[in-house]
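Descriptive analysis of the structure
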Amino acid sequence: MLLVIGIVWQLLLPILRVPVYVLPTPSVILAAMWQVPDQVVTHAVATLATILAGFALAIAVALPLAALMSLSSFAQVAIYPLLVLTQSVPKVALAPLLLLLLGTGALPKILVTFLVAFFPLVIAVATGLAATPPELIELGRSLRAGRIKELLRIRGPYAVPFIFGGLKV
């Protein structure tokens, strides 16, 4: 499908007389990339590092926060509205503010990546931890499992599909 889109793009732009500086054809883009392959690789690696850092930060914050929300109803009532509030602000509006406050280095880019990945992940994990069948929870409690053991040995394994679903999103 990408090949078909590229061919249509290549053939359509000259017919529509779209200037190259407005929208170049795929052949022009590939020729420009071919002239500076070292820069393409350098920027691709930098972008990948930024994405991975933001994603790792989202995982590192979302998993414990979701666990806290599943262990404490007070934490859930206190934190969940704040999570929803943070999602009401468009990321496109936050990016320029982060650039103004933090400069043009890697940190604002990592934070934007974090903000995009964080909410779906924390909600998916919290949902997975809360969706554990009550029978399993009762069985764990009858065997004197504490809250942490319950989280790690019952709720955690049950939430694995939810965790991977959140990571995929």
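Report on the accompanying structure. (Residues numbered from 1 in each chain as written. Predicted model: local features only at pLDDT ≥ 70, side-chain atom pairs only at ≥ 80, totals over all residues. Heavy atoms only, no water.)

What follows concerns helix α3 (residues 37-71). Helix length check: α3, at 35 residues, gives a terminal C-alpha distance of 51 Å against a target of 51 Å (1.5 Å per residue), a fit within 8%. Within α3 the residues assigned to the buried category are Thr50, Gly54, Ala58, Ala62, Leu65, Ala66, Ala67, Met69, Ser70 and Leu71. Residues of α3 that are buried make contact with α4 (73-87), α6 (106-130) and α8 (147-168). (Helix = DSSP H or I, 4+ residues; strand = E, 2+ residues; numbered from the N terminus. Expected span 1.5 Å × (residues − 1). Buried < 20%, exposed > 50% of the residue type's maximum accessible area, 1.4 Å probe, protein only. Contact = heavy atoms within 4.5 Å.)

So, about the packing of aromatic side chains. Centre distance and the angle of the planes are the two values used to describe a pair of aromatic rings. Per the stated rule, a full pass over the model turns up one aromatic pair. Taking the centre distance of 5.1 Å and the plane angle of 25° together, the rings of Phe114 and Phe118 count as stacked. Residue Phe114 and its partner Phe118 are located together in helix α6, separated by four residues, close to a single helical turn. Neither residue differs from the other here; Phe114 and Phe118 are each classed as buried. (Phe/Tyr/Trp six-rings, centres within 6.5 Å; stacked < 30°, edge-to-face > 60°.)

Let us look at the environment of Phe114. Under the relative-accessibility criterion, Phe114 is labelled buried at 14%. The sequence separation of Phe114 and Thr50 amounts to 64 residues, and the corresponding C-alpha distance is 9.8 Å. Setting aside residues up to four positions removed in sequence, Phe114 forms contacts with Gly54, Leu57, Ala58 and Val61.

The next subject is the nonpolar core. Counting residues in each nonpolar core, the largest one holds 23 residues, and the members touching the most others are Leu65, Leu83, Phe118, Val122 and Leu129. Among the secondary structure elements, those contributing two or more residues to this core are α3, α4, α6 and α8. The element contributing the most residues to this core is α6, with ten residues. (Core = buried A, V, L, I, M, F, W, Y, C linked by side-chain atoms within 4.5 Å.)

Structurally, Thr50 is set in helix α3. For Thr50, a relative accessible area of 15% puts it in the buried group. Sequence-distant contacts of Thr50, defined by excluding residues within four places in its chain, comprise Lys109, Ile110 and Thr113.

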